[in-house]
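This is what each chain is made of:
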Amino acid sequence: MKRDLHQVRRYLARKETDKAGLSLDRRIRARVATELDPEGPTVVVAHSLGTVVAFETLHAHSAHVPLFVTLGSPLGMRTAVRPRVRPQPVRTPEPVGRWLNFWDRDDFVTGGTELALCIASNGASVAPVSTRVDSDGLNVHPAVRYLAQPAVAGPLIEALDAVTVA
């Protein structure tokens, strides 16, 4: 738990500049942005701190994102994360056509918050739709635990098939 929250804190501190003066968060977002198709549709799946990075990166992305899937996201943490993400006020990125957020009640990283309650919709009225999943075991945070859930895998496969066909 301490390690996971430490990573989020480092990213949101917006420090640790390199020789060119770029902060750690900017370098990470730039790396993610290179993986997004600048012209065609991209399905984005993000986990944990990656959901914060993807969220911020998508606000600067112009091409259509038919599906944004977040797994074990800390975006709902009202004191540690949400006030520090950019841009403010916190809203769904404009390119996102559908946002599915999955959380497990035993995953401490999510804070048990449904993102639809704390993230505003974008101009197309797209808001996150949160679905609780239940994994068995002590460590429910890993991405593979979320991806093994039919509620997660089903919509993801459908979206990937639709993008591949188009």
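In short, a report on the structure. (Residues numbered from 1 in each chain as written. Predicted model: local features only at pLDDT ≥ 70, side-chain atom pairs only at ≥ 80, totals over all residues. Heavy atoms only, no water.)

### Observations concerning the nonpolar core
Nonpolar side chains tend toward joint burial in soluble globular proteins. Rule in force here: We call a set of buried Ala, Val, Leu, Ile, Met, Phe, Trp, Tyr and Cys residues a nonpolar core when their side-chain atoms join them within 4.5 Å. Exposed residues in this analysis have more than 50% of their type's maximum accessible area, buried residues have under 20%, and partly exposed residues fall in between, with area computed by a 1.4 Å probe over protein chains only. Helix and strand assignments come from DSSP, with helices taken as H or I runs of at least 4 residues and strands as E runs of at least 2, each series counted from the N terminus. Contacts: residue pairs with any heavy atoms within 4.5 Å of one another.
Among the nonpolar cores identified, the biggest contains 25 residues, and V52, F68, L75, V85 and W99 are the most heavily contacted of them. Counting residues per element, the ones that place at least two in this core are α1 (2-13), β1 (44-47) and α3 (49-58). Here the element with the most residues in this core is α3; it accounts for six residues. Aside from chain neighbours lying at most four places away, what touches F68 is V44, A46, T51, A54, F55, L58, V96, R98, W99 and L100. Ranked by size, the runner-up nonpolar core spans eleven residues in total, among them V69, F102, V152 and L156.

### What about the side chain of S23?
Positionally, S23 belongs in the loop between α1 and α2 (24-33). Not counting the four nearest positions on each side in its chain, S23 is found in contact with R14, K15, E16 and T17.

### As for the environment of R14
Selection criterion: In protein, a polar contact means a hydrogen-donor-capable atom and an acceptor-capable atom, both N or O and within 3.5 Å, with residues adjacent in sequence counting only if both atoms are side-chain atoms; elsewhere, any N or O pair within 3.5 Å suffices.
With respect to the element layout, R14 can be found in the loop between α1 and α2. On the basis of relative accessibility, which here comes to 13%, the residue R14 falls in the buried class. Separated by 28 residues in the primary sequence, R14 and T42 have C-alpha atoms spaced 27 Å apart. In contact with R14, other than residues within four places in its own chain, are S23, D25, R29, E56, R84, V85 and R86. A polar atom in the side chain of R14 sits 2.9 Å from the backbone oxygen of R84.

### Quick notes on the sheet that holds β1
Note on sheets: strands pair through backbone hydrogen bonds, and any given pair is parallel or antiparallel. Stated precisely, the cut-off is as follows: Any two strands with at least two DSSP-identified bridges between them are counted as paired. Lines fitted to C-alpha atoms define the axes, with helix axes restricted to the stretch in contact, and inter-axis angles between N-to-C directions lie between 0 and 180 degrees.
Pairing is parallel in the open sheet, where four strands are placed in the order β1-β2-β3-β4. Where the open sheet ends on each side, the last strands, each with one partner, are β1 and β4 (128-133). Within the sheet, the average angular offset between the axes of one strand and its neighbour, ignoring direction, is 20°. Sheet analysis places β1 next to strand β2 (residues 68-71), joined by four bridges and oriented parallel. Within β2, the position partnered with A46 by the bridge is T70.

### Remarks on the pairing of strand β3 (residues 99-104)
Working note: regular strand, side chains alternate between the two faces of the sheet. Among the six residues of β3, six are classified as buried, and the element is accordingly described as predominantly covered. Where burial is concerned, the two faces of β3 agree: the one with W99, N101 and W103 and the one with L100, F102 and D104 are both buried. Examined bridge by bridge, β2 and β3 share four bridges and lie parallel to one another. Residue pairing in the sheet places F68 in a bridge with W99 of β3. Examined bridge by bridge, β3 and β4 share six bridges and lie parallel to one another. Residue pairing across strands places N101 opposite S130, the latter belonging to β4.

### What to know about the packing of α2 against α3
Rules: Convention used here: angles under 35 degrees read as roughly parallel, angles over 145 as roughly antiparallel, angles from 65 to 115 as roughly perpendicular, and any remaining angle as oblique. Polar here means any residue outside two lists: the nonpolar Ala, Val, Leu, Ile, Met, Phe, Trp, Tyr, Cys and Pro, and the charged Asp, Glu, Lys and Arg; Gly therefore counts as polar.
The interhelical angle for the contact between α2 and α3, taken along N-to-C directions, is 75°, at an axis separation of 9 Å. The angle between α2 and α3 falls in the class roughly perpendicular. For the pair α2 and α3, contact is made by I28, R29, V32 and A33 and by V53, E56 and T57, respectively. In terms of residue class, the contact of α2 with α3 is made up of four nonpolar, one polar and two charged.

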